[in-house]
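Notes for the structure review
Okay, here's what each chain looks like letter by letter:
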Amino acid sequence: MHTLRFCFLLIIGLLARLAVAQPAAPAPPKVQPFLFLEGDWQGAGWIQLGPGQRSEFNQTETVRRKLGGNLLTIEGLGMDKANPQRTIHNAFATVAFDAASNTFRMRAYRADGAYTDALATPAADGKSFVWGFDYPGAGKVRFTIGLDAQGRWHEVGEFSRDGTQWMQNFEMTLHRVAPARP
């Protein structure tokens, strides 16, 4: 009986030691398809909100991975080139994987407190994604964000009244000024 118990404890001890000796590989971050944007960015762009209402701006973006890679935060600030004291764009967004729908969701907030929930669809190339939303009573908005051939953040915004014909109303190009900080 003592020999049987000794053998049983020895086997349990060996199995436990093997489990500790070979830790499981960490799971990849849930927001992996968007990590190409991690870091600090600067550049310029333009936005047109109506006929004759085009504004050019200087932009900064800060992108960070949070919660062990399960959430990505994107914080952007655009200042008017003609009047550097005037804010053109001030926004904060989160990107997360929604297991229930097997999709990525983006929640984008503006400085005025308004926000939108949107679908964020990564491209197969791992260097771009599209996100967009319905603008009630007006149409649809979509943004395509990706890296160009020089590794710069290039983003194009478009508007459509019917979802088939699109008109560009936004563009910016940013260069990475710092990699992501832990």
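For the structure itself, look to the data block above.
My aim in this report is to walk through the structure given alongside it, one point at a time. In this text, all values refer to a predicted model and were calculated from it rather than measured experimentally.

Our focus in this paragraph is the pattern of salt bridges. Scanning all chains against the criterion turns up 8 salt bridges. Here D112 makes a salt bridge to R110, at a shortest N to O gap of 2.7 Å. On the basis of relative accessibility, which here comes to 54%, the residue D112 falls in the exposed class. For R110, a relative accessible area of 48% translates into the label partly exposed. Between R142 and E158 there is a salt bridge, with its nearest N and O atoms 2.7 Å apart. Pair noted here: R142 is in strand β8 (residues 139-147) and E158 is in strand β9 (residues 153-160), with a separation of 16 residues, a long-range link. Judged by its relative accessible area of 28%, R142 falls in the partly exposed class. The buried category is assigned to E158, whose relative accessible area is 16%.

To continue, consider the environment of R176. Position of R176 among the secondary structure elements: in strand β10 (residues 167-178). For R176, a relative accessible area of 35% corresponds to the partly exposed category. The sequence separation of R176 and D40 amounts to 136 residues, and the corresponding C-alpha distance is 5.7 Å. In this structure R176 touches F36, L37, E38, G39, D40 and W41, once residues within four positions along its chain are discounted. Of note is the side chain of R176, whose polar atom sits 2.2 Å from the backbone oxygen of E38.

What follows concerns the sheet that holds strand β3 (residues 71-80). Read once around its circumference, the closed barrel built from 10 strands follows the order β1-β2-β3-β4-β5-β6-β7-β8-β9-β10, with strand pairing classed as antiparallel. Direction aside, neighbouring strands of the sheet carry axes that sit 25° apart on average. The pairing of strand β1 (residues 39-48) with strand β2 (residues 54-66) spans 10 bridges and is antiparallel. Bridge pairing in β2 places D40 opposite T62.

What counts and what doesn't
Residues numbered from 1 in each chain as written. Predicted model: local features only at pLDDT ≥ 70, side-chain atom pairs only at ≥ 80, totals over all residues. Heavy atoms only, no water. Salt bridge = Lys/Arg side-chain N within 4 Å of Asp/Glu carboxyl O. Buried < 20%, exposed > 50% of the residue type's maximum accessible area, 1.4 Å probe, protein only. Helix = DSSP H or I, 4+ residues; strand = E, 2+ residues; numbered from the N terminus. Contact = heavy atoms within 4.5 Å. Polar contact = N/O pair within 3.5 Å; in protein donor to acceptor, adjacent residues only side chain to side chain. Pairing = 2+ DSSP bridges. Axes fitted to C-alpha atoms, helices over the stretch in contact; angles between N-to-C directions.

Coordinates in, geometry out; function isn't part of it.
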